[in-house]
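# A closer look at the structure
The chain contents come next:
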Amino acid sequence: MANNMTDTITKPDNNTAKAVPNSNTDRQSWFNRPIPGIKQHLTAPLSAVETEPSTKCSNCHSMITNTALIFNCYVCPHCDHHLPMSARERLNWLLDQVDGETGQEFTAKDPLSFVDSKPYPARMSEAQEKTGETEALVAMYGKLRNLDIVACAFDFRFMGGSMGSVVGDRFVQAAEKALEQKVPLVCFAASGGARMQEGLLSLMQMARTAAAIERLRIAGIPYIVVLTNPVYGGVTASLAMLGDIHLAEPKAMIGFAGKRVIEQTVRETLEEPFQRAEFLLEHGVVDEVVHRHQLIDTIYRLLAKLCRVPNVDAQ
């Protein structure tokens, strides 16, 4: 019996021996097993518009990177629409050398304690924070190629480029500087008109700026106005229409009263291109409609001719 028990314990069954796994073989097969890869979904690389700060064109609604806009002078590369430029960008773009800025010492007050939906000082603070400017007009002096000039530009983002007392102060000071140095004055106009929050004080700037321009005319100093989109109200009725030469950017809206107000007054529908720069060119209001890419060269040639700079065409 003992022998039988011993035989049962010490002699494994052949089938049982085959069922015991070989650990070395299994480990090798585990390392050599096919490993499923990660499925990669192939996508198109992101375009520059999706990775860089961009701006939508208000005309064709295309997205353009801000870098492309700056290099193209804020002209849409798809439809050639002229997008607005800030006042400081405009002057830095025009001048080859900026020697200084004038009129920064003037600051707006609140003479009427005017309140509409919010107090006037609150509106001013909001506009200053939005634009980084202290007022709607920026005036600089420097060189355009070989010409010394004084230039000023309205910033429509600042309360619609409205003309208050500080805007009048800055324009008059720019004109006086041009008069003192006997150099031309260039103004880029873009405004909704006089600033209602200052009442009569804003309307007085029409007479002040007109008187300063008259002093330039008497002294024989050139004054060129570039009408950008849009120009309305008291600015149109004063400094924007008193230049020796009036240039305009393509499709700029220019007028005194708005199109809707005129339609309600005359009770007629005014079709396009009413109040567009091209319409005003046909009727003799502006002298030339100039594409922004040719604007600097056109301004220089006109000023050089008026200032009698020799060999202008060769330059």
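Residues numbered from 1 in each chain as written. Predicted model: local features only at pLDDT ≥ 70, side-chain atom pairs only at ≥ 80, totals over all residues. Heavy atoms only, no water.

### As for the sheet that holds strand β5 (residues 147-154)
The sheet built from seven strands is open, its strands ordered β3-β4-β5-β6-β7-β8-β9 with mixed pairing. On the outer flanks of this sheet lie β3 (97-102) and β9 (288-289), each paired with one strand and no other. Two strands pair when backbone bridges link them, and strand β7 (residues 223-231) and strand β8 (residues 245-248) are joined in this way by four bridges, in the parallel orientation. Its bridge partner lying in β8, L227 is registered against A248. (Pairing = 2+ DSSP bridges. Helix = DSSP H or I, 4+ residues; strand = E, 2+ residues; numbered from the N terminus.)

### Quick word on the packing of helix α6 (residues 87-94) against helix α13 (residues 292-306)
Put simply, α6 and α13 touch, their axes get as near as 11 Å, and they point 55° apart. It follows that α6 is oblique to α13 by the angle criterion. Contacts between α6 and α13 involve R90, W93 and L94 from the former and R292, L295, I296 and I299 from the latter. For the contact of α6 with α13, the residue count by class is five nonpolar, no polar and two charged. (Axes fitted to C-alpha atoms, helices over the stretch in contact; angles between N-to-C directions. Parallel < 35°, antiparallel > 145°, perpendicular 65-115°, else oblique. Contact = heavy atoms within 4.5 Å. Nonpolar A, V, L, I, M, F, W, Y, C, P; charged D, E, K, R; others polar.)

### Some thoughts on unusual backbone geometry
A cis amide bond links N229 with the next residue in sequence, P230, at an omega value of -5°. Structurally, P230 can be placed in strand β7. For the bond from E272 to P273, the omega torsion is 5°, close enough to zero to count as cis. Relative to the helices and strands, P273 resides in the loop between α11 (259-266) and α12 (277-282). For C73, which is not glycine, the phi torsion reads 60° and is therefore positive. Its place among the elements puts C73 in the loop between α5 (66-71) and α6. Although it is not a glycine, K182 adopts a positive phi angle of roughly 55°.

### Side note on α13
The end-to-end C-alpha separation of α13 is 21 Å, in line with the 21 Å expected for 15 residues at 1.5 Å each. Those residues of α13 that fall on the buried side of the exposure criterion are R292, L295, I296, T298, I299, Y300, L303 and A304. Count one or two residues on from α13 and you reach R308, which has phi positive near 60°. (Expected span 1.5 Å × (residues − 1). Buried < 20%, exposed > 50% of the residue type's maximum accessible area, 1.4 Å probe, protein only.)

### Things to note about the packing of helix α8 (residues 165-181) against helix α9 (residues 200-219)
Interaxial distance between α8 and α9 falls to 9 Å at its minimum, and their mutual angle equals 10°. It follows that α8 is roughly parallel to α9 by the angle criterion. Counted together, S165, G168, D169, F171, V172, A175, E176, A178 and L179 of α8 and Q205, R208, T209, A212, I213, R215, L216 and A219 of α9 form the full contact between these two elements. The residue inventory of the contact of α8 with α9, partitioned by class, reads nine nonpolar, four polar and four charged.

### Some points on a nonpolar patch on the surface
A surface patch of nonpolar side chains, about 370 Å² in accessible area, is lined by L200, L201, L203 and M204. Note on placement: L200 falls in helix α9. (Patch = residues over 30% accessible without salt bridge, like charges linked within 9 Å, V, L, I, M, F, W, Y side chains within 5 Å. Areas by Shrake-Rupley, 256 points an atom, 1.4 Å probe, with all protein chains shown as cover. Salt bridge = Lys/Arg side-chain N within 4 Å of Asp/Glu carboxyl O.)

### Points about the side chain of T131
Take T131: it is sitting in helix α7 (residues 120-131). The exposure class assigned to T131 is buried, which follows from its relative accessible area of 12%. Here the side chain of T131 touches A127 through a polar contact of 2.8 Å, landing on its backbone oxygen. Separated by 3.2 Å, the side chain of T131 and the backbone nitrogen of E133 make a polar contact. With near-sequence residues (within four places) excluded, T131 lies in contact with D155, R157 and F158. (Polar contact = N/O pair within 3.5 Å; in protein donor to acceptor, adjacent residues only side chain to side chain.)

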